[in-house]
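The lines below spell out each chain.
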Amino acid sequence: KAGVTQTPRYLIKTRGQQVTLSCSPISGHRSVSWYQQTPGQGLQFLFEYFSETQRNKGNFPGRFSGRQFSNSRSEMNVSTLELGDSALYLCASSLGGVRSNQPQHFGDGTRLSIL
Amino acid sequence: GIQVEQSPPDLILQEGANSTLRCNFSDSVNNLQWFHQNPWGQLINLFYIPSGTKQNGRLSATTVATERYSLLYISSSQTTDSGVYFCAALLMEYGNKLVFGAGTILRVKS
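Given the structure is predicted, the values throughout are model-derived calculations rather than measurements.

Peer 1: Requested: an account of the state of the cysteines, with residues and values cited.
Peer 2: Within the structure shown, the criterion is met by 2 disulfides over all chains. With a sulfur-sulfur separation of 1.8 Å, A:Cys23 is cross-linked through a disulfide to A:Cys91. With the S-S dihedral at roughly 65°, the linkage between A:Cys23 and A:Cys91 falls on the right-handed side. With A:Cys23 in strand S3 (residues 19-24) and A:Cys91 in strand S9 (residues 87-94), the pair connects residues that are 68 residues apart, well separated along the chain. Of the two residues examined, A:Cys23 and A:Cys91, each falls in the buried class. One disulfide in the model links B:Cys23 with B:Cys87; its S-S distance is 2.0 Å. The disulfide joining B:Cys23 to B:Cys87 has a torsion of about 70° about its S-S bond and is therefore right-handed. Note that B:Cys23 is positioned in strand S3 (residues 19-25) and B:Cys87 in strand S9 (residues 83-91), a separation of 64 residues in sequence.

Peer 1: Any details on the nonpolar core? Residues and values, ideally.
Peer 2: B:Val4, B:Phe25, B:Trp34 and B:Leu72 are the most contacted members of the largest nonpolar core, which totals 23 residues. Of all the elements in the fold, those that place two or more residues in this core are strand S2 (10-14), S3, strand S4 (29-37), strand S5 (43-48), strand S7 (59-64), strand S8 (69-74), S9 and strand S11 (104-109) of chain B. No other element matches the 4 residues that S9(B) contributes to this core. In this structure, A:Leu46, A:Phe64, A:Leu81 and A:Leu112 belong to the second largest nonpolar core, which totals 21 residues.

Peer 1: Got a sec to walk through the sheet that holds S3(B)? Specific residues and values, please.
Peer 2: All names here are of chain B. One open sheet accounts for 5 strands, arranged S1-S3-S8-S7-S6; its pairing is antiparallel. Single-partner strands in this sheet number two, and they are strand S1 (4-7) and strand S6 (52-56). Neighbour-to-neighbour, the strand axes of the sheet open up by a mean angle of 15°, direction not taken into account. Sheet topology places S3 next to S8; 6 bridges connect them, and they run antiparallel. Along S8, the bridge assignment pairs Asn24 with Tyr69.

Peer 1: Just give me the short version of unusual backbone geometry, but keep the residues and values in it.
Peer 2: The linkage connecting A:Thr7 with the following residue, A:Pro8, adopts the cis geometry, with an omega of -10°. Position of A:Pro8 among the secondary structure elements: in the loop between strand S1 (5-7) and strand S2 (10-13). Here the bond from B:Ser7 into B:Pro8 is cis, since omega is -10°, no more than 30 degrees from zero. Looking at where B:Pro8 falls in the secondary structure, it is placed in the loop between S1 and S2. With a phi close to 70°, A:Glu52 is a non-glycine residue in the positive phi region. Note on A:Glu52: relative accessible area 48%, which makes it partly exposed.

What counts as what
- Residues numbered from 1 in each chain as written.
- Chains lettered and ligands numbered in written order.
- Predicted model: local features only at pLDDT ≥ 70, side-chain atom pairs only at ≥ 80, totals over all residues.
- Heavy atoms only, no water.
- Disulfide = S-S within 2.5 Å.
- Helix = DSSP H or I, 4+ residues; strand = E, 2+ residues; numbered from the N terminus.
- Buried < 20%, exposed > 50% of the residue type's maximum accessible area, 1.4 Å probe, protein only.
- Core = buried A, V, L, I, M, F, W, Y, C linked by side-chain atoms within 4.5 Å.
- Pairing = 2+ DSSP bridges.
- Axes fitted to C-alpha atoms, helices over the stretch in contact; angles between N-to-C directions.

Treat this as a map of the structure, not an account of what it does.
What follows is the structure, given as structure tokens:
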């Protein structure tokens, strides 16, 4: 069974640009969650999607948005990039979502660098 | 206050030694996981353990939900165990979000 797939693995952007990251969950998983990892703030929850609906959202500005498609693949978009957006972005999938009694399985992440 | 607190923050072991990592959480949980992040950034699921004890090879974990802590035991450590160990808890008081601790950085020397 294939794991969680994130693309691209690495990305370099400049301030002011926008970026779209992709996450394909484990087959059959309907929940996709996104996290940002930085040396200063650690791992922080961005949002969770379940069956194409945003179920929960973390404390991030509106520049961070996401969506989920009918095949459960999810995209995360960051507009007007800032230097502080440089981070490892991780997505995780699970069968029933974060609130269910089921584990989260993580992808390898997308490392985003802002110049 | 800190919702999920891990200790120690850093740990250096000689290969073959045993260790215990601790995770304290501020609220009752029904989702508690331990992860290992390797030097390449990959976050590997070790245990899903909201309560009780589980073992997987040289690793085992125990969660005492009523006392709000979880322990990860690593026995006969190997250099490949190096990396960062995170616990993450689903805390009701924080809107059902998975909250990660700051991690324990483990270095195993040969």
